[in-house]
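Chain and residue survey
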Amino acid sequence: MRKATFIVMLGIAVAVVAGMAPLKWKTTSIDLGQVSKDEVKELSFEFTNTSGETIRIIEAKGSCGCTNVKYPEGEIKAGESASISANFKSGKLGAFKKNIRIKTSDSDEYTYLYFNGEVVE
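Residues numbered from 1 in each chain as written. Predicted model: local features only at pLDDT ≥ 70, side-chain atom pairs only at ≥ 80, totals over all residues. Heavy atoms only, no water.

Details of the sheet that holds strand S2 (residues 29–36)
- Here we have four strands laid out as an open sheet, ordered S2-S8-S7-S4, and mixed in their pairing. Each edge of the open sheet is held by one strand with a lone partner, namely S2 and strand S4 (57–62). Here the average twist between neighbouring strands, direction ignored, is 20°.
- In the sheet, strand S7 (residues 94–104) pairs with strand S8 (residues 110–120) via 10 bridges, with the strands oriented antiparallel. Each bridged residue has a counterpart across the sheet, and for Lys98 the counterpart in S8 is Phe115. (Pairing = 2+ DSSP bridges. Helix = DSSP H or I, 4+ residues; strand = E, 2+ residues; numbered from the N terminus. Axes fitted to C-alpha atoms, helices over the stretch in contact; angles between N-to-C directions.)

Next comes the structure, spelled out in C-alpha cells:
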C-alpha cells in the first residue's frame, strides 16, 4: 500500500513541476519493460518550449554512467519542439529506475525525466 501511495504522490509532484517548467514534455517517464543484460536501449523525450521566450538547455545528465544523454545545444525559440535522447546500457540483473536531470536557462529548478524496467538474462 505504501509503495502505491508513493508512486501516486511522485506522479503528482512530477506533474506539478512539469506544469511550471518552461518546457512542456510529451512524456516524462518511459517504461522499457524487460531488457536483456548488456543491451543498449535508445530513449527519446520530446518537448515544446512554452515559456514565450528563447531558452537553452544548459545541462542534461543521466543518473549513472550507464546513460549517455544528447540534447539540443543551440537556442530553442518559443513554440519550437525538440527532443532529448539517451542511450541506456543495461548491466546488473533486476529492476531499475533511472533519471535524466534537465536544467534550462529559463529556470533555477531541475526537471527530471524517468525510465525504468527490468534487466533479464
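That covers the picture; the talk isn't over yet.
Regarding the sheet that holds strand S6 (residues 81–89)
- What the four strands build is an open sheet, ordered S1-S3-S6-S5; its pairing is antiparallel. Looking at the sheet topology across the chains shown, the edges are occupied by strand S1 (23–25) and strand S5 (67–70). Between one strand axis and the next, the sheet turns by 30° as a mean value, whatever way the strands run.
- Note: S1 against strand S3 (residues 40–49), three bridges, orientation antiparallel. Residue pairing in the sheet places Lys24 in a bridge with Thr48 of S3.

As for the environment of Lys97
- Here Lys97 lies in strand S7.
- Separated by 19 residues in the primary sequence, Lys97 and Asn116 place their C-alpha atoms 4.2 Å from one another.

Remarks on the pattern of salt bridges
- Counted according to the given criterion, the structure contains two salt bridges.
- Ionic pairing is found between Lys41 and Glu39, a salt bridge with its closest N-O pair at 3.9 Å. (Salt bridge = Lys/Arg side-chain N within 4 Å of Asp/Glu carboxyl O.)

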